[in-house]
Amino acid sequence: MLQVNKSTLDLEFVNNAQTQTLTRRGTTYYVDAVNGVDTRLGKSWRKAFLTLAKAFSVIQSGDTIVISGKVREQLTTPVGVFDVTVVGTGNRPRHADTSPAGGSRSTATWTTPAVEAAATPLVTVLQQGWKFENILFAGPSAAASILLVRTAEGASETDASHCSIVNNRFASGFVHISDTGGCYGVLVKGNRFVSATSFAILGVGNIGVGQSAWQIEGNRFDENVNGVKIAGFACDINYNSFSDGGTPNTTVVLNTNNGGGADNRVSYNNFQTTTGNFNTPDVVGATTDYWNPNYSFDTLETGTPA
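Calculation rules
- Residues numbered from 1 in each chain as written.
- Predicted model: local features only at pLDDT ≥ 70, side-chain atom pairs only at ≥ 80, totals over all residues.
- Heavy atoms only, no water.
- Disulfide = S-S within 2.5 Å.
- Salt bridge = Lys/Arg side-chain N within 4 Å of Asp/Glu carboxyl O.
- Buried < 20%, exposed > 50% of the residue type's maximum accessible area, 1.4 Å probe, protein only.
- Helix = DSSP H or I, 4+ residues; strand = E, 2+ residues; numbered from the N terminus.
- Core = buried A, V, L, I, M, F, W, Y, C linked by side-chain atoms within 4.5 Å.
- Contact = heavy atoms within 4.5 Å.
- Pairing = 2+ DSSP bridges.
- Polar contact = N/O pair within 3.5 Å; in protein donor to acceptor, adjacent residues only side chain to side chain.
- Lys, Arg positive; Asp, Glu negative; His and termini not counted.
- Phe/Tyr/Trp six-rings, centres within 6.5 Å; stacked < 30°, edge-to-face > 60°.
- pLDDT = per-residue confidence, 0-100.

Before going further, it helps to spend a moment on the state of the cysteines. Throughout the structure, instances matching the rule amount to zero disulfides. Summary of cysteine pairing: C163 is not part of a disulfide, and the nearest cysteine sulfur, belonging to C183, is at 8.1 Å.

This brings us to the pattern of salt bridges. All told, the structure shown has five salt bridges when counted by the stated rule. A salt bridge links K131 to E133; its shortest N-O distance comes to 3.4 Å. On the basis of relative accessible area, K131 is assigned to the partly exposed category, the value being 28%. Exposure remark for E133: the relative accessible area of 24% places this residue in the partly exposed category. Residues D236 and R265 are paired through a salt bridge, measuring 2.5 Å at the closest nitrogen-oxygen approach. Separated by 29 residues along the polypeptide, D236 in strand 20 (residues 236-238) and R265 in strand 23 (residues 265-267) bring together distant segments of the chain. Here the residues in one salt-bridge network are R192, R220 and D222, joined through shared partners.

All right, on to the nonpolar core then. Within the largest apolar cluster, 49 residues are counted, with the highest numbers of intra-cluster contacts made by I65, W110, F132 and I201. Judged by nonpolar contacts, the second largest core, of seven residues, contains A144, L147, V175 and F199.

The next thing to look at is the environment of I207. Tracing the backbone shows I207 in the loop between strand 14 (196-203) and strand 15 (211-212). When the C-alpha atoms of I207 and R150 are compared, they prove to be 7.5 Å apart, with 57 residues separating the residues in sequence. Discounting chain neighbours no more than four positions away, the residues touching I207 are R150, T151, A152, G181 and G182.

We note that D83 has phi near 55°; this positive angle belongs to a residue other than glycine. With a phi close to 60°, S195 is a non-glycine residue in the positive phi region. Within the fold, S195 resides in the loop between strand 13 (192-194) and strand 14.

Next up on the list: the pairing of strand 5 (residues 108-111). Side chains A108 and W110 of strand 5 all project onto a buried face; the interleaved residues T109 and T111 project onto the opposite face, where all are buried too. In this structure, strand 2 (residues 64-72) lies alongside strand 5, joined through four bridges in parallel fashion. What sits directly across from K70, in strand 5, is T109. In terms of strand pairing, strand 5 meets strand 8 (residues 136-138) through three bridges, oriented parallel. Pairing of W110 across the sheet is with F137, part of strand 8.

Moving on to the side chain of N134. Within the secondary structure layout, N134 lies in the loop between strand 7 (131-133) and strand 8. Judged by relative accessible area, which is 6%, N134 ranks as buried. Among the polar contacts made by the side chain of N134, one reaches the main-chain carbonyl oxygen of G90 at a distance of 2.6 Å.

Moving on, we get to the environment of N269. Looking at where N269 falls in the secondary structure, it is placed in the loop between strand 23 and strand 24 (270-271). Separated by 27 residues in the primary sequence, N269 and S296 place their C-alpha atoms 8.4 Å from one another. The contacts of N269, once residues within four sequence positions are left out, are I237, N238, Y239, N240, F242, P293, N294 and Y295. Looking at N269, its side chain comes within polar contact range of the main-chain oxygen of I237, at 2.9 Å.

This part takes up the side chain of E217. Among the structural elements, E217 can be located in strand 16 (residues 215-217). The side chain of E217 is buried and forms no salt bridge, while K189, the nearest opposite charge, is found at 5.0 Å. Beyond its immediate stretch of four places on either side in the chain, E217 contacts V188, K189, G190, D236, N238 and N240.

Turning our eyes to something else, we now look at the packing of aromatic side chains. Tallying each qualifying case throughout the model produces eleven aromatic pairs. The interplanar angle of 5° and the centroid separation of 5.2 Å between the aromatic rings of Y239 and Y268 together place this pair among those described as stacked. You can see Y239 sitting in the loop between strand 20 and strand 21 (241-243) and its partner Y268 sitting in the loop between strand 23 and strand 24, a full 29 residues away along the chain. Through a chain of ring-to-ring contacts, three or more aromatic side chains come together here, namely F56, W110, W130, F132, F137, F170, F193, F221 and F242.

Okay, the confidence of the model for the protein next. Residues at a pLDDT of 70 or more form 77% of the protein, whose mean pLDDT is 82. Low pLDDT, under 50, characterises residues 274-282; the predicted model gives this stretch 37 contacts beyond four residues in sequence or across chains. Every residue in residues 300-306 scores below 50 in pLDDT, and together they form 24 contacts with partners more than four places removed in sequence or on other chains.

Secondary-structure assignment places L122 in the loop between strand 5 and strand 6 (123-125). Once the C-alpha coordinates of L122 and G139 are considered, the two residues, 17 residues apart in sequence, prove to be 6.4 Å apart.

Now the structure itself:
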């Protein structure tokens, strides 16, 4: 007769329960901007929501939102909701109204309503750990596509630190990513930034020194009026390509906007020209900032800014 040790079973049950709790990833909600309905449950493509606003009204920390089609909304993330992933369908971020018919069902665009609120971001992020992935952003004419907010610490604190912005395409708009509060540990990786009429990435000093421990890596910047301007401390700006068109302006500026800062590393980036933004890329920095090596792909030079 098989003998079973009850205490062993109890221990295994507890261990399994703990494992399930620790690995739980939250609920996945679906937004179909073509055929969704907001009165549905939103937990499958057959029951998808129509709007991101509806998904924002029900999500909890740790949830995921998958979107398809052209979302035309300007939203603020819910207060007290952390670590949400917003991910677009499609193998690469592209416009969701692609011809021939059917392209709108397989990818995701996030843009303004037909009548935009020009000074309102597409999304204002209030809490830590949000992630945006595989989305084409076409931003407003006088505000950011993604605005990160951080206010003074306390019970009512808002803090968009530890945000991840990965594998997106920013196709137009005023500022692609803006941080007005001095967020910490933001990852900006594998994106393409195109045609910003102000800055591709703009951060000013507020809490502490400004943008601390940011990783801006493996991105491409094309034909933006300005590239990256942050009040950086211990930030990594590595392996990016800056091609700013015929009249390059600011490419990388550090330690400005009343933020202070130091100890930034700007390495292995490709800049367009030696005269426009390689030897003199409008750098305002500290002696502890590290610039080397970087490259000019017009002249195949290496070196540090003048």
